[in-house]
Amino acid sequence: ERIQCRHLEPATPGSLAGAGCSLCTTGAAYRSGRHRTWLRIGPGGGGYVLSRVVNSFDDERSITILKTCRQAMGVEAKLILVQRVLPDRAESSRIAQTVYAIDLQMMVTTGGRERTVTEHRELLAAAGFQITRIVRTQSEMSVVECVPV
């Protein structure tokens, strides 16, 4: 199944100021290093992909971003998160240890954090989503597929 990704349109903060963009007005914009990327989320996409975004923010801002996506989505669209997902129970694998170390770094540098499977379910439910599956990769990243509810 191919997902069409025409939902994200790069924009500058000035071009969003008068548009009433909820990402802009809530101050929830994705920050990568010293750069801030502003996105306008347009309606009608078959799939919406957020890669390493919600781990950069606390729960409140993450829910704001996810709700903005949810408002733009149709009933048949899917949300795909590419995130590190902590196991609900501590593990000693090399990948798990890497994710725990990154989690500490995220808390200190951005105020965000990595989340467990249960925490992802709760966060996504608060924004109007249900997880349909989580696909672990050979790296520390997982693909989290969600649908609107």
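Structural data are supplied above this passage.
Residues numbered from 1 in each chain as written. Predicted model: local features only at pLDDT ≥ 70, side-chain atom pairs only at ≥ 80, totals over all residues. Heavy atoms only, no water.

## Remarks on the pattern of salt bridges
Opposite charge on two side chains makes pairing possible when the charged atoms of those side chains draw close. Per the stated rule, a full pass over the model turns up seven salt bridges. Salt-bridge contacts for E145 lead to K78; the nearest nitrogen and oxygen are separated by 3.6 Å. Of this pair, E145 sits in strand β8 (residues 141–148) while K78 sits in strand β5 (residues 78–86), placing them 67 residues apart in sequence. Between E114 and R84 there is a salt bridge whose closest N-O contact spans 3.2 Å. With E114 in the loop between α4 (94–109) and β6 (115–116) and R84 in strand β5, this residue pair connects regions lying 30 residues apart in the sequence. Taken individually, E114 and R84 each receive the classification buried, so the pair is uniform in this respect. Residues joined by salt bridges that share partners form a network here, namely D59, R113, R115 and E119. (Salt bridge = Lys/Arg side-chain N within 4 Å of Asp/Glu carboxyl O. Helix = DSSP H or I, 4+ residues; strand = E, 2+ residues; numbered from the N terminus. Buried < 20%, exposed > 50% of the residue type's maximum accessible area, 1.4 Å probe, protein only.)

## Examining the pairing of β5
In terms of burial, β5 is largely enclosed, as seven of its nine residues are buried. Taken together, the five bridges between strand β4 (residues 47–51) and β5 define a ladder with parallel strand orientation. What sits directly across from L50, in β5, is L81. With helix α3 (residues 59–72) bridging β4 and the parallel β5, this β-α-β connection has right-handed handedness. Taken together, the six bridges between β5 and β8 define a ladder with antiparallel strand orientation. Pairing of L81 across the sheet is with V144, part of β8. Bridge analysis of β5 against β6 gives two bridges, and the strand direction is parallel. Across the sheet, residue L86 finds its bridge partner in β6, namely T116. Between β5 and its parallel partner β6, the chain crosses via α4, and the hand of that crossover is right-handed. (Pairing = 2+ DSSP bridges. Right-handed = clockwise from strand over helix to strand, strands pointing away.)

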